[in-house]
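Spelled out, the chains give:
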Amino acid sequence: MTGKGGTGKTTVAAALALALAAGGRKVLLVEVEGRQGIAQVFDLPPLPYEERKIAVAPGGGDVHALAIDPEEAMLEYLEMFYGLKRMGKALTKMGVVDFATTIAPGLRDVLVTGKTSEAVRRRDRTGKRVYDTVVMDAPPTGRVTRFLNVTQEVAGLARVGPVRTHADMVRGVVASPETAVHFVTLLEEMPVQETLDGVAELRAAKLPVGGIFVNMVRAVDPTLAGPFDLAELAMGVKAAGLGDDGNAAVIAEALAGEVVEQQRRAELERTERDALETAGVPRYELPLLADGADLAGLYELAEAIRTQGAA
Amino acid sequence: MTSPELDLDGIIDDSGTRIVVCCGSGGVGKTTTAAALGLRAAERGRNVVVLTVDPARRLAQSMGLTSLDNTPRKVAGADGELFAMMLDMKRTFDEIIEAHADPERARQILTNPFYQSLSSSFSGTQEYMAMEKLGQLRRSGEWDLIIVDTPPSRSALDFLDAPERLGRFLDGKLIRLLMAPAKAGGRSAFKILNAGFGLVAGVLTKVLGAQVLKDIQTFVSALDAVFGGFRQRAEQTYKLLQAPGTAFIVVATPERDAMREASYFVERLAEERMPLAGLVINRVHRSPAPDLSAARSTAAAEDLESRGEHELTAAVLRLHAGRMQLAAREHREQEQFASAHPTVPVTRVPAMSQDVHDLDGLREIGELLAKR
Ligand SMILES: Nc1ncnc2c1ncn2[C@@H]1O[C@H](COP(=O)(O)OP(=O)(O)OP(=O)(O)O)[C@@H](O)[C@H]1O
Ligand SMILES: Nc1ncnc2c1ncn2[C@@H]1O[C@H](COP(=O)(O)OP(=O)(O)OP(=O)(O)O)[C@@H](O)[C@H]1O
Ligand SMILES: [Mg+2]
Ligand SMILES: [Mg+2]
């Protein structure tokens with residue numbers, strides 16, 4: 001799940017995880033930016049670098065969560081491939097891990113996507129996948145292609161060798177038809193433009209584009225859509241006891257200003273929807289929650305995702 | 001609790017004001033405010049350059065910014081001396097290297113793969129380069145007012161913290177460690193009598209390969225040559241931001257997260273002794289019928305609906321109630337800010353029903369900012 005900053009990536013990723021888990025499935029929700037966004041959305045204390053169950057989906061089903069810390073992922077990697085656990089700790093203390101992941105962001109990304117890919121591919125003793133789906137709250141649109149395009153990213157870093165092999169494994173997972181990169185956007189110029197640019201970039205990198213989740217959509221009463229009769233509105237104002245012969249017309253005119261403004265905004269939103277249409281991918285709409293995205297709100301969004309067939 | 005009025009015309013008309021910095025959290029209207037103030041200042045007689053960071057495409061076009069060429073261009077259609085530019089952070093970084101290293105060393109750095117990733121993706125590079133560019137524009141002496149937009153980031157504080165973070169990184173212990181072999185006169189990296197380094201080198205070689213380690217070292221030692229310059233310039237620019245000719249304008253929308261960020265930023269500016277001009281509260285929702293409350297409006301709508309009459313009016317009243325509730329919520333956020341920071345001057349700009357993407361739109365925002 002990617003999108004412009006602040007459009008609702010974390011919220012929608014969480015809702016999608018709930019929707020996908022509904023009816024008895026098991027979903028892992030991961031975050032990669034060290035911001036404890038998942039904990040915030042679910043109103044939980046900070047999550048450790050450890051998979052744990054955080055929510056129950058409608059009709060049974062579990063959402064597990066994991067906050068991937070690049071440093072921990074590096075230690076795990078060193079231990080798994082080189083048996084270097086103790087030394088890894090020493091390196092962390094010296095700031096080597098921090099240094100390596102700063103100077104070579106590709107290395108950090110491949111560790112993070114590597115950990116996620118491992119969870120995707122993990123099987124239990126019977127050979128069944130441990131998670132039905134893994135949902136990632138990914139970096140924002142501007143960085144997501146580079147982030148997912150791991151082989152490209154580590155190309156300068158490692159032409160051969162273990163990092164390269166690791167990157168190739170990740171590429172296999174990320175570029176597979178089992179993966180979908182979804183976008184979250186608002187019906188505003190900048191996030192829509194970023195979404196279209198992001199879709200094009202992913203396609204150029206041969207990465208699988210999923211759908212577009214239009215978030216915070218305001219419900220529009222169809223009664224207010226077309227041209228309307230000011231005199232009728234004034235009569236209504238009077239009938240409702242809000243004005244008399246003297247001022248009902250004045251009140252009606254002021255209220256009409258609000259309607260016109262809303263119509264103008266609706267028009268603008270139509271333009272942005274049309275622009276999104278050109279991406280040629282499925283579009284889903286999620287309502288603006290009046291009380292913000294609290295826990296109840298998440299379930300409401302999950303329901304909207306399910307009824308629109310996105311999960 | 002009411003805040004004092006922010007007199008923006010007073011600020012841009014004052015020839016003592018040389019730098020205006022617009023900051024705030026993501027998407028609140030920093031770029032729009034910077035551009036609108038720039039246009040207004042130019043049309044009121046100042047010789048202005050606006051440094052924008054990632055402007056919306058149509059807004060950039062309206063100012064004639066079609067390519068990211070890192071040089072100020074005169075804005076056609078502005079009635080005055082208005083120049084605008086878009087920050088190209090990689091280009092700005094390259095320029096610093098070129099200015100501080102001899103040509104051979106500069107070439108070594110610029111072509112090093114690590115430099116390329118550092119200069120285009122280290123978090124904080126954009127903030128550092130915005131400051132660097134500001135310093136350059138100021139030193140050029142070509143403009144008497146520089147208006148700076150700040151990079152889109154989650155937190156407004158990033159603008160102040162990121163350069164420091166980059167500086168700390170470049171100055172870090174490990175970098176020094178990696179540089180040690182080069183300083184010791186080219187002895188083999190792996191024989192150096194430094195247990196710490198040996199350990200690091202061993203693991204990095206194992207994981208990344210010897211060539212990569214060599215690239216890192218080349219890069220780090222070449223960069224060493226320009227370290228001093230980095231630090232010095234960052235400090236100069238920081239001082240510039242503390243000078244009396246600078247005015248910080250914090251932008252926020254009247255929502256909880258944005259207002260909270262604005263609060264943090266205001267406090268931080270005070271700590272850093274950086275001059276705050278005031279707060280712009282952008283995209284404020286107002287109603288043309290403010291006397292009709294949400295509660296009365298809802299009750300009236302219910303009444304009409306239960307009688308099955310005046311469907312249109314009922315719908316309009318519901319719309320109005322929603323608008324009044326939003327306005328009330330926004331009002332509470334503003335009140336909270338005002339009681340925490342009662343002396344900070346404030347100006348408000350209403351939410352327009354359209355994006356701001358041309359000079360007329362900017363002019364209108366400018367007027368609203370200045371309350372004319
Ligand atoms: N459908 C919605 N209705 C109402 N509020 C929403 C909705 N979706 C998200 N929000 C709110 O919008 C804000 C931003 O959401 P969120 O943190 O999910 O965005 P994000 O894209 O992950 O942001 P960031 O780029 O900072 O990671 C939050 O306060 C969240 O509660
Ligand atoms: N008062 C306003 N009314 C309506 N729309 C506005 C208003 N101010 C700004 N906008 C619109 O909001 C969007 C975001 O504004 P802007 O780009 O200035 O924000 P920003 O703080 O620079 O964002 P970023 O953090 O992404 O750089 C733009 O599309 C702009 O046209
Ligand atoms: Mg988030
Ligand atoms: Mg901006």
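Residues numbered from 1 in each chain as written. Chains lettered and ligands numbered in written order. Predicted model: local features only at pLDDT ≥ 70, side-chain atom pairs only at ≥ 80, totals over all residues. Heavy atoms only, no water.

> Sorry, what's going on with the domain arrangement of chain B here?
The accessible area lost on association of the parts is a frequent measure of interface size. Residues and elements named next belong to chain B. Under the domain assignment, chain B is made up of domain 1 (8-289 + 328-370) and domain 2 (294-327). Listed per partner, the contact involves eight residues of domain 1 and six residues of domain 2. For the domain 1 face of the interface with domain 2, the top three residues by lost area are His 285, Ala 328 and Arg 329, together amounting to 54%. At the surface where domain 1 touches domain 2, the tally comes to zero salt bridges. At the junction of domain 1 with domain 2, the criterion picks out eleven residue pairs in polar contact (both at pLDDT 80 or more). The residue inventory of the side of domain 1 that touches domain 2, partitioned by class, reads two nonpolar, three polar and three charged. (Domains from an automatic or database assignment. Contact = heavy atoms within 4.5 Å. Buried area = accessible area lost by both parts, 1.4 Å probe. Salt bridge = Lys/Arg side-chain N within 4 Å of Asp/Glu carboxyl O. Polar contact = N/O pair within 3.5 Å; in protein donor to acceptor, adjacent residues only side chain to side chain. Nonpolar A, V, L, I, M, F, W, Y, C, P; charged D, E, K, R; others polar.)

> Help me understand helix 7 (residues 125-140) of chain B in this model?
Residues and elements named next belong to chain B. Given a rise of 1.5 Å per residue, 16 residues ought to cover 22 Å, and the 22 Å separating the end C-alpha atoms of helix 7 matches this to within 8%. Buried residues of helix 7: Thr 125, Glu 127, Tyr 128, Met 129, Ala 130, Met 131, Glu 132, Lys 133, Leu 134, Gly 135 and Leu 137, and no others. Of the residues one or two after helix 7, Gly 141 is the one with positive phi, at around 65°. (Helix = DSSP H or I, 4+ residues; strand = E, 2+ residues; numbered from the N terminus. Expected span 1.5 Å × (residues − 1). Buried < 20%, exposed > 50% of the residue type's maximum accessible area, 1.4 Å probe, protein only.)

> Any chance you could explain the sheet that holds strand 3 (residues 52-56) of chain A here in plain terms?
All names here are of chain A. What the four strands build is an open sheet, ordered 3-4-2-5; its pairing is mixed. In this open sheet, the two edge strands, each paired with only one partner strand, are strand 3 and strand 5 (133-137). Mean inter-strand twist for the sheet, computed between neighbouring axes without regard to direction, equals 30°. Direction of pairing for strand 2 (residues 26-31) relative to strand 5: parallel, over a ladder of five bridges. Of the residues in strand 5, the one forming a bridge with Val 27 is Thr 133. (Pairing = 2+ DSSP bridges. Axes fitted to C-alpha atoms, helices over the stretch in contact; angles between N-to-C directions.)

> I keep staring at the site of ligand 2 and nothing clicks. Help me out?
Around ligand 2, 20 residues are found, and the nearest of them are B:Gly27, B:Lys30, B:Thr31, B:Thr32 and B:Met352. More than a single chain frames ligand 2: its nearby residues are located in chains A and B. Here B:Gly27 contributes a backbone N or O atom positioned 2.7 Å from an oxygen atom of ligand 2. Within the side chain of B:Thr32, one N or O atom sits 2.4 Å away from an oxygen atom of ligand 2. Burial of ligand 2 by the surrounding chains reaches 96%, relative to a free accessible area of 630 Å². For the shell around ligand 2, the secondary structure elements donating two or more residues are helix 2 (30-43), strand 7 (276-284) and strand 8 (346-350) of chain B. Tallied by class, residues from the shell around ligand 2 come to nine nonpolar, seven polar and four charged. (Near = heavy atom within 4 Å. Areas by Shrake-Rupley, 256 points an atom, 1.4 Å probe, with all protein chains shown as cover.)

> I tried to follow the pattern of salt bridges on my own but got confused; where do I start?
Oppositely charged side chains may form a pair once their charged atoms are brought near each other. Residues and elements named next belong to chain B. Tallying each qualifying case throughout the model produces 38 salt bridges over all chains. Here Arg 91 and Glu 95 are joined by a salt bridge, their closest N and O atoms 3.7 Å apart. Pair noted here: Arg 91 and Glu 95 are both in helix 4 (residues 89-100), with a separation of four residues, about one helical turn. As a salt-bridge pair, Glu 104 and Arg 107 come within 3.2 Å of each other at their nearest N and O atoms. With Glu 104 and Arg 107 both in helix 5 (residues 103-111) and three residues apart, this pair spans about one turn of that helix. We classify Arg 107 as partly exposed; its relative accessible area is 47%.

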